[in-house]
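# Residue-level structure breakdown
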Amino acid sequence: MDAVTRPPPGTAKTLEDTSLFAYTLPEWLKTKLGPLLDKAKGRQPFFARVGAIWPKTSREYRMLERAYNAMEEAFKKKKRDNGEPYFEHLRASALIALVHMRIRCASVICAILLHDAIEDCPEEWNYDRILSEFNAEIAELVWWVTKPLPEEGETREDVDRRYHRRLQNAPREAICVKLPERLHNMITIWGQDKERVFRKLSETKDFILPLAEKFHVLIHEMEDVIRGVEKRLAA
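Here goes a summary of the coordinates provided.

Rules used throughout
Residues numbered from 1 in each chain as written. Predicted model: local features only at pLDDT ≥ 70, side-chain atom pairs only at ≥ 80, totals over all residues. Heavy atoms only, no water. Salt bridge = Lys/Arg side-chain N within 4 Å of Asp/Glu carboxyl O. Helix = DSSP H or I, 4+ residues; strand = E, 2+ residues; numbered from the N terminus. Buried < 20%, exposed > 50% of the residue type's maximum accessible area, 1.4 Å probe, protein only. Polar contact = N/O pair within 3.5 Å; in protein donor to acceptor, adjacent residues only side chain to side chain. Expected span 1.5 Å × (residues − 1). Phe/Tyr/Trp six-rings, centres within 6.5 Å; stacked < 30°, edge-to-face > 60°.

## What to know about the pattern of salt bridges
Inspection of every chain in the model, using the stated rule, returns 18 salt bridges. Across the salt bridge formed by R156 and E157, the nearest N and O atoms sit 3.7 Å from each other. A salt bridge links K178 to E181; the nearest nitrogen and oxygen atoms lie 2.9 Å apart. Of this pair, K178 and E181 both sit in helix α11 (residues 172-187), three residues apart, which is roughly one turn of that helix. With relative accessibility at 4%, the residue E181 sits in the buried group. A single network of salt bridges, built from pairs that share partners, joins E151, E154 and R162.

## A closer look at helix α9 (residues 136-145)
All of the buried residues along α9 are I138, A139, L141, V142, W144 and V145. A side-chain oxygen of the first residue of α9 lies 3.1 Å from the backbone nitrogen of E137; this N-cap is N135.

## Overview of helix α13 (residues 219-234)
Taking 1.5 Å of rise per residue, the 16 residues of α13 would be expected to cover 22 Å, and the 23 Å separating its terminal C-alpha atoms lies within 8% of that figure. Turning to α13, its buried residues number three or more, namely I219, E221, M222, D224, V225, I226, G228, V229 and L233.

## Remarks on the packing of aromatic side chains
All chains considered together, the criterion is met by seven aromatic pairs. Taken together, a centroid distance of 5.1 Å and an interplanar angle of 40° make the contact between F46 and Y68 tilted. On the criterion of sequence distance, the pair formed by F46 in helix α3 (residues 43-51) and Y68 in helix α4 (residues 59-74) is long-range, its members being 22 residues apart. Overall, F46 belongs to the buried group, its relative accessible area being 0%. Considering the side-chain rings of F75 and Y86, the 5.0 Å spacing of their centres and the 10° angle between planes classify their relative orientation as stacked. With a gap of 11 residues between them, F75 in the loop between α4 and α5 (87-100) and Y86 in the loop between α4 and α5 connect regions that are remote in the sequence. Note on accessibility: F75 and Y86 belong to one class, buried. Here a set of aromatic residues connected by ring pairs shows up, and it is made of F46, F47, Y61, Y68 and F87.

What follows is the structure, given as structure tokens:
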């Protein structure tokens, strides 16, 4: 849900020079995630990866296709801070889970594609619609990672605290939805004001990294990307 890295003026936008991931990916992770996210944009490369795991006639493939199509439509007018279509974040997060984490639960991948639907498209999407168009497992996973609406008198900080307390009780599958999307947000954190970067960094260290440690999911990736953000902020 955050902005993509902007390369320094006059620098080429290549994976080798200043890719979207250069500022916050250590070399070992750049090798793994850089080419994956740089070359796998677009529908055909995405479904080539899906089709290598599930046949096109399978329930899983068709469900992922429905989720992909629905979110591409829902987010077609939404942009990230660098002008990139917002849908790229949803697709990239799903690819991290599918390819890098090797998650083979189609419901988890669907939930990653849908993870921002309720929060960012509330006029079109809610829990009941996801339940109706997909299934209870996907609807519940999206519920776990969606921030609750503020109650009367609550500040944003109050809502955030309530959300993070809830995540502490989330099942492993929900954490496997949350962590790849947060990792992608941290990789692509640049392009927003410094205060937001510091806030997201603090939140990730205080609440999200402990979830990675608790469930042994993306621990080293998250730690190294956090260090990369801290290093750039200190420069």
